[in-house]
Amino acid sequence: MTSQRYHQHSNDSTSTNIEILHLDTGLFTIQDIPGKGKGLIASQTIEPGTCILSESPLFTTENIRSIETTENDLAKEVQALPKDLNLAFFALHNNYPREGSPISNIVRSNAYPLGPTSGIGAIFLAIARINHSCRPNAQQAWDPVAKKETVYAVRSIQIGEEITLSYHNGGTSSQRRADLKEHFRFDCTCDACSLPAEELAASNARLQKAAELDEQIGDSKRVHLTPELALADCKTLLGIYQEEGIADTRLPRLYYDAFQICVLHSDQARAKTFANRYRALKVLAEGPDSLDAREIMPFARKPATHESFGATKKWAASLKQIPKDTDPESFERWLWRE
Ligand SMILES: C[S@@+](CC[C@H](N)C(=O)[O-])C[C@H]1O[C@@H](n2cnc3c(N)ncnc32)[C@H](O)[C@@H]1O
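None of these values were measured; they are calculated from a predicted model.

*Asks:* I tried to follow the sheet that holds strand 9 (residues 131-132) on my own but got confused; where do I start?
*Replies:* Backbone hydrogen bonds are what pair the strands of a sheet, in a parallel or an antiparallel way. Pairing is mixed across the open sheet formed by four strands, whose spatial order is 3-4-12-9. Here the strands that pair on one side only, and so sit at the sheet edges, are strand 3 (28-33) and strand 9. Summarising the sheet, strand 3 and strand 4 (residues 37-42) pair through six bridges and their orientation is antiparallel. Within strand 4, the residue paired with Ile-33 across the bridge is Gly-37.

*Asks:* What exactly am I supposed to notice about the pattern of salt bridges here?
*Replies:* Side-chain pairs of opposite charge can arise where the charged atoms are in close proximity. Under the counting rule described, the total for this entry stands at 19 salt bridges. For Lys-38, the salt bridge goes to Asp-32, with nearest N and O atoms at 3.0 Å. With its nearest N and O atoms 3.0 Å apart, the salt bridge here joins Lys-235 to Glu-338. In this pair, Lys-235 sits in helix 8 (residues 227-244) while Glu-338 sits in the segment after helix 12 (328-335), placing the two residues 103 residues apart along the sequence. Residue class for Lys-235 comes out partly exposed when judged on its relative accessible area of 28%. It is possible to trace a salt-bridge network through shared partners that takes in Arg-135, Arg-206, Glu-243 and Glu-244.

*Asks:* What is the right way to read the site of the ligand from this model?
*Replies:* Within the structure, the ligand sits among 19 residues, and Lys-36, Lys-38, Asn-95, Arg-129 and Asn-131 are positioned closest to it. The contact in question runs from an oxygen atom of the ligand to an N or O atom on the side chain of His-93, over 3.3 Å. Between an oxygen atom of the ligand and a side-chain N or O atom of Arg-129, the distance comes to 2.4 Å. Its free accessible area being 560 Å², the ligand has 94% of it covered by the protein chains. Of all the secondary-structure elements, those providing two or more residues to the shell around the ligand are strand 4, helix 4 (102-110) and strand 9. For the shell around the ligand, the residue count by class is seven nonpolar, eight polar and four charged.

*Asks:* Help me understand helix 10 (residues 268-286), please; the structure alone is not making it clear to me.
*Replies:* Since the α-helix advances by 3.6 residues per turn, residues separated by three or four positions end up pointing in the same direction. Given a rise of 1.5 Å per residue, 19 residues ought to cover 27 Å, and the 26 Å separating the end C-alpha atoms of helix 10 matches this to within 8%. Listing the buried residues of helix 10 in full gives Gln-268, Ala-269, Arg-270, Ala-271, Thr-273, Phe-274, Ala-275, Tyr-278, Leu-281, Lys-282, Ala-285 and Glu-286. Between a side-chain oxygen at the N-terminus of helix 10 and the backbone nitrogen of Ala-269 the separation is 3.1 Å; the capping residue is Asp-267. Once helix 10 ends, the next one or two residues include Gly-287, with phi positive near 90°.

*Asks:* Explain the sheet that holds strand 8 (residues 121-123) to me, please; I cannot follow it from the model alone.
*Replies:* Here we have three strands laid out as an open sheet, ordered 6-8-7, and antiparallel in their pairing. The open sheet has two edge strands with one neighbour each: strand 6 (59-60) and strand 7 (112-113). Summarising the sheet, strand 7 and strand 8 pair through two bridges and their orientation is antiparallel. Bridging from a neighbouring strand, Tyr-112 pairs with Ala-122 of strand 8.

*Asks:* It is not clear to me how the pairing of strand 12 (residues 162-165) should be interpreted in this structure. Could you clarify?
*Replies:* Strand residues, when the strand is regular, have side chains that alternate between the two faces of the sheet. Where burial is concerned, the two faces of strand 12 agree: the one with Glu-162 and Thr-164 and the one with Ile-163 and Leu-165 are both buried. Relative to strand 12, strand 4 runs antiparallel, the two being bridged by two bridges. Bridge pairing links Leu-40 to Ile-163 in strand 12.

*Asks:* Would you explain the domain arrangement of the chain in this entry?
*Replies:* You can read the domains of the chain as domain 1 (2-173) and domain 2 (197-335). Taken together, the contact between domain 1 and domain 2 spans 19 residues of the former and 18 residues of the latter. Taking both partners together, domain 1 and domain 2 bury about 1600 Å²; carbon and sulfur atoms supply 54% of that area. Together, Arg-135, Gln-139 and Tyr-152 form the three largest contributors to the area buried by domain 1 at its contact with domain 2, with a combined 31%. Arg-135 serves as the salt-bridge partner of Glu-244, at 3.4 Å between the closest nitrogen and oxygen. Our count for the contact surface shared by domain 1 and domain 2 stands at three residue pairs in polar contact (both at pLDDT 80 or more). Residue assignment for the side of domain 1 that touches domain 2 shows that the elements contributing at least two residues are strand 10 (138-143) and strand 11 (148-153). Grouping the constituent residues of the side of domain 1 that touches domain 2 by class yields eight nonpolar, eight polar and three charged.

*Asks:* Help me understand the environment of Arg-253 in this model?
*Replies:* For Arg-253, the position within the fold is in helix 9 (residues 250-264). A sequence separation of 218 residues divides Arg-253 from Gly-35, and the C-alpha atoms of the two residues are 32 Å apart.

*Asks:* Hey, could you run me through the nonpolar core in this one?
*Replies:* Considering soluble globular proteins, one finds that nonpolar side chains tend to be buried as a cluster. Of all hydrophobic cores here, the largest spans 37 residues; its most connected members are Phe-274 and Trp-336. Listed by contribution, the elements that provide at least two residues to this core are helix 6 (197-217), helix 8, helix 9, helix 10, helix 11 (291-301) and helix 12. For this core, the element with the most residues is helix 9, which contributes nine residues. Each residue touching Trp-336, except ones within four places of it in the same chain, is listed here: Leu-231, Cys-234, Lys-235, Leu-238, Tyr-255, Ala-258 and Phe-274. By size, the runner-up hydrophobic cluster in this structure holds 22 residues, among which are Ile-30, Ala-138, Val-151 and Ala-153.

*Asks:* Would you mind going over the packing of aromatic side chains with me for this structure?
*Replies:* The geometry of two aromatic rings is summed up by the distance between their centres and the angle between their planes. The tally for this structure, following the rule as stated, stands at 11 aromatic pairs. Arranged with centres 5.3 Å apart and planes meeting at 75°, the rings of Phe-89 and Phe-90 form a pair that is edge-to-face. The class of Phe-89 is buried, set by a relative accessible area of 0%. Phe-90 sits in the partly exposed class, given a relative accessible area of 40%. With a centroid separation of 5.5 Å and an interplanar angle of 45°, the aromatic rings of Tyr-256 and Phe-259 are classed as tilted. Highlighted residues: Tyr-256 and Phe-259, both in helix 9, separated by three residues, approximately one helical turn.

Criteria and cut-off values
- Residues numbered from 1 in each chain as written.
- Predicted model: local features only at pLDDT ≥ 70, side-chain atom pairs only at ≥ 80, totals over all residues.
- Heavy atoms only, no water.
- Pairing = 2+ DSSP bridges.
- Helix = DSSP H or I, 4+ residues; strand = E, 2+ residues; numbered from the N terminus.
- Salt bridge = Lys/Arg side-chain N within 4 Å of Asp/Glu carboxyl O.
- Buried < 20%, exposed > 50% of the residue type's maximum accessible area, 1.4 Å probe, protein only.
- Near = heavy atom within 4 Å.
- Polar contact = N/O pair within 3.5 Å; in protein donor to acceptor, adjacent residues only side chain to side chain.
- Areas by Shrake-Rupley, 256 points an atom, 1.4 Å probe, with all protein chains shown as cover.
- Nonpolar A, V, L, I, M, F, W, Y, C, P; charged D, E, K, R; others polar.
- Expected span 1.5 Å × (residues − 1).
- Domains from an automatic or database assignment.
- Contact = heavy atoms within 4.5 Å.
- Buried area = accessible area lost by both parts, 1.4 Å probe.
- Core = buried A, V, L, I, M, F, W, Y, C linked by side-chain atoms within 4.5 Å.
- Phe/Tyr/Trp six-rings, centres within 6.5 Å; stacked < 30°, edge-to-face > 60°.

This is how it looks when you write it as structure tokens:
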């Protein structure tokens, strides 16, 4: 039962109950953040790959029968909660305070899906307090084995720094801000959106370029006919992500794209290297149970077993061709075919 996972202080009071019902990780506290409501602040330095939270759902939306019954169906879930958790639910942020249906509005404002393809959402009391950043330092994922939502650090987080997730997929600051306003009704004040004008313009130019590169990399005809250009695009995109401090899901996806390009053209050596980089980032951001990390494993061992392997023999290379005892710079030049 979820209530067993929360530690209750003796000075319980309704107005502060999210602060007194906390997961006892010692890694963060829930505090007021100017202009953002509440948020999570690191209580100590948190290294990338650290599990910050692993939280069971308070309840899920799986018992909603229809759009018309949503409010009543969710009300049953909320009423079934113990008193302290019921109060903690009602203390969560509501993006739509003047629009009726209070319970479903709190759910809409705070739920996370149970995995990227799931239609079921869930409320996680502590994770719901994590604010958005367009350059998040943490990432959430549904762990289907533990049946918990996890939050892992994807960058080094300093003591006193806010722990952030991304509610959004990227783009330039004006695109991001417009989308966040439309879907979540707030004006983003994250570090990336609050850069001084000149830095913001430079960041936007880089992100515009990143969007173009991403589209080019997704062009399958180009990947078939001129893979060297597609791989070079991946490398340029990686440089942009590094410059921008982007360490979220976009980074492993880039390595997955590079893996696919190499697999298609029979390069087992580079495909294996890219698959391993993808896998390492997935484990870092989602933990050892990461489904994506497990799914790539057989292809990281034997890229030739992948269904797209060998569409052409243009880059045919065996696993033995992975350079050994090479300095990191030469290895990177080999990897990106420079
Ligand atoms: C899921 S809640 C996050 C926790 C919330 N701050 C609270 O007090 O419970 C999402 C809401 O937090 C605020 N928020 C989150 N990220 C923000 C950001 N980058 N800039 C401004 N407000 C933000 C907005 O009000 C948003 O609707």
